[in-house]
Amino acid sequence: MASVDECRQALRDLAARLDRHADVQGRIDLDRTLACRVTDLDTAFHGRLDGGRLVDLADGDDPKAKIALTTTSDDLVALVHGQLDIMKAVGARRVSIKANPFDLMKLRKLL
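Thresholds, definitions, all that
- Residues numbered from 1 in each chain as written.
- Predicted model: local features only at pLDDT ≥ 70, side-chain atom pairs only at ≥ 80, totals over all residues.
- Heavy atoms only, no water.
- Pairing = 2+ DSSP bridges.
- Helix = DSSP H or I, 4+ residues; strand = E, 2+ residues; numbered from the N terminus.
- Core = buried A, V, L, I, M, F, W, Y, C linked by side-chain atoms within 4.5 Å.
- Buried < 20%, exposed > 50% of the residue type's maximum accessible area, 1.4 Å probe, protein only.
- Contact = heavy atoms within 4.5 Å.
- Salt bridge = Lys/Arg side-chain N within 4 Å of Asp/Glu carboxyl O.

Under an unreviewed UniProt entry, the name given to the protein is SCP-2 sterol transfer family protein, and the source organism is Micromonospora chersina.

**Student:** Would you take a moment to explain the pairing of strand E3 (residues 53-59) for this structure?
**Tutor:** Regular strands have side chains that alternate between both faces of the sheet. With five bridges connecting them, strand E2 (residues 43-50) and E3 associate as antiparallel partners. Pairing of Arg 48 across the sheet is with Val 55, part of E3. Here E2 folds back onto E3 in antiparallel fashion, the turn holding two residues, of which Gly 51 has a positive phi close to 60°.

**Student:** What am I meant to see in the nonpolar core here?
**Tutor:** Generally speaking, soluble globular proteins have nonpolar side chains that are buried together. One finds Leu 54 and Leu 76 to be the most contacted residues of the largest nonpolar core, which totals 26 residues. Element by element, the count of residues in this core is highest for helix H1 (residues 4-25), at six residues. Residues in contact with Leu 76, not counting those within four places in the same chain, are Cys 7, Leu 11, Cys 36, Val 38, Leu 69 and Thr 71.

**Student:** Please clarify how the side chain of Arg 8 should be interpreted in this entry.
**Tutor:** Among the secondary structure elements, Arg 8 is positioned in helix H1. In this structure, Arg 8 is in contact with Phe 45 and Asp 59, ignoring residues within four places of it in sequence.

**Student:** What exactly am I supposed to notice about the pattern of salt bridges here?
**Tutor:** One side chain can pair with another of opposite charge once the charged atoms of both are near each other. If you walk through the whole model with that rule in mind, you get nine salt bridges. The shortest N-O distance in the salt bridge between Arg 8 and Asp 5 comes to 2.5 Å. In this pair, Arg 8 and Asp 5 are both assigned in helix H1, three residues apart and thus about one turn of the helix distant. Taking relative accessible area as the criterion, Asp 5 reaches 54% and is therefore assigned exposed. In this structure, Asp 56 engages Arg 48 in a salt bridge whose closest nitrogen and oxygen atoms are separated by 3.2 Å. What you see here is one network of salt bridges that share partners, running through Asp 31, Arg 48, Asp 50 and Asp 56.

Below is the structure:
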């Protein structure tokens, strides 16, 4: 099981990667609040997706987030580091993403 610090760092790594690639990918019109809930650690993180970037990352849940990702600590770290394919993880119910269908299509471009 990954620690809270490892999950926090994984999300920071994701934010840095999205920031580096935001201009290369072209601007993605997605401005939504995001919650990442880590079930096995009973913790959460929240932030905001803004133009293909993950910003304002902080500890704690955002129950009103427009996009909510729920997974275990190990799966979160594996997703961020490219060791777990997001589509396979969702299909296997290792990851749950709650968002409207249009946002899901845009998210696929980011991941």
